[in-house]
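Per-entry structural report
So the chains spell out like this:
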Amino acid sequence: NRQNGNQYLFGGTRQEAPPYDSNGTPAATPSAPQFMQIDPEGIPLQTGVTADTVFQDANGTIFSALSDAATALRGTGNEAADRATILGTLDRMLDFTNLARIARTQLGTGLTRVESVTDQLTQRTIQLEETAQRAEGADYVEAAINLTNAQQVFDALLQTKANSNHRSLIDLLG
């Protein structure tokens, strides 16, 4: 029931309430994982894992297993039952370790996707900044001079064309 600020870790969609009570009993209302859309073209990303996916299996919670093992270690008076409980708890700890590995893999996959999308967004940002710099960095004075020169050349060509079509009266008679 660890918290970050006022939100419970492993809380899923119920971050305002602890996923387990003080005795290790799961909350009456189970939480669901939260999803976030980080890539408009991709599928929503699961942002974490819920407590029941890490601390609970079909046979109960890790907390009840540890409590049973602690009782067996103190001794119940039945040595064979205590031994069986301790050995069974060790096997269950392996199961819980596997659940933690699966959860870690899910989180790693999510982090990899976040890094990939972040890299893509960084590349797009760089491309947009380069485009903006090219537009902002244009030498407007040079562009205006080039445009004026081009206009003067065009005007000279028009004048030459106009002068070449003018014939004098002597040319027409002659």
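Just so it is clear, the structure is predicted and the values come from calculations on it, not from any experiment. (Residues numbered from 1 in each chain as written. Predicted model: local features only at pLDDT ≥ 70, side-chain atom pairs only at ≥ 80, totals over all residues. Heavy atoms only, no water.)

One pass over the full model with this rule turns up 1 salt bridge. The closest approach of N and O atoms between Asp 57 and Arg 92, which form a salt bridge, is 3.0 Å. You can see Asp 57 sitting in strand E5 (residues 56–57) and its partner Arg 92 sitting in helix H3 (residues 79–136), a full 35 residues away along the chain. Here Asp 57 and Arg 92 have matching classes, each one buried. (Salt bridge = Lys/Arg side-chain N within 4 Å of Asp/Glu carboxyl O. Helix = DSSP H or I, 4+ residues; strand = E, 2+ residues; numbered from the N terminus. Buried < 20%, exposed > 50% of the residue type's maximum accessible area, 1.4 Å probe, protein only.)

On to the side chain of Arg 92, then. On the basis of relative accessible area, Arg 92 is assigned to the buried category, the value being 15%. Filtering out sequence-adjacent residues up to four positions away, Arg 92 remains in contact with Asp 57, Asn 59, Gly 60, Thr 61 and Ala 65. (Contact = heavy atoms within 4.5 Å.)

Below, the discussion takes up the packing of helix H2 (residues 62–74) against H3. Packing of H2 against H3 leaves a shortest axis separation of 9 Å and a crossing angle of 150°. The angle between H2 and H3 places the two elements in the roughly antiparallel class. The handedness of the crossing between H2 and H3 is left-handed. Every residue of H3 that contacts H2 at Ile 62, Ala 65, Leu 66, Asp 68, Ala 69, Ala 72 and Leu 73 is listed here: Asp 82, Thr 85, Ile 86, Thr 89, Arg 92, Met 93 and Phe 96. (Axes fitted to C-alpha atoms, helices over the stretch in contact; angles between N-to-C directions. Parallel < 35°, antiparallel > 145°, perpendicular 65-115°, else oblique. Left-handed = near helix turned anticlockwise from the far one by under 90°.)

By secondary structure assignment, the location of Thr 89 is in helix H3. Among the residues examined, Thr 89 registers a relative accessible area of 8% and is labelled buried. Residues in contact with Thr 89, not counting those within four places in the same chain, are Ala 65 and Ala 69.

Counting along an α-helix, one turn takes 3.6 residues, and residues three or four places apart therefore face a common direction. The end-to-end C-alpha distance of H3, which contains 58 residues, comes to 83 Å, matching closely the 86 Å that a straight helix rising 1.5 Å per residue would cover. The set of residues buried in H3 consists of Asp 82, Thr 89, Arg 92, Met 93, Phe 96, Ala 103, Gly 110 and Val 117. (Expected span 1.5 Å × (residues − 1).)

Do not read the fine detail of predicted coordinates wherever pLDDT is low. Mean pLDDT over the protein stands at 78; residues scoring 70 or higher make up 70%. Highest mean pLDDT in the protein belongs to H2 (91); lowest belongs to helix H5 (residues 169–173) (62). (pLDDT = per-residue confidence, 0-100.)

The final tally for this structure, using the stated rule, is 1 aromatic pair. On the numbers, 5.6 Å between centres and 40° between planes, the contact of Phe 55 with Phe 63 is tilted. For Phe 55, a relative accessible area of 22% translates into the label partly exposed. (Phe/Tyr/Trp six-rings, centres within 6.5 Å; stacked < 30°, edge-to-face > 60°.)

Now for the environment of Ala 70. With respect to the helices and strands, Ala 70 occurs in helix H2. Expressed as a C-alpha distance, the spacing of Ala 70 and Thr 89, which sit 19 residues apart in the sequence, is 9.9 Å.

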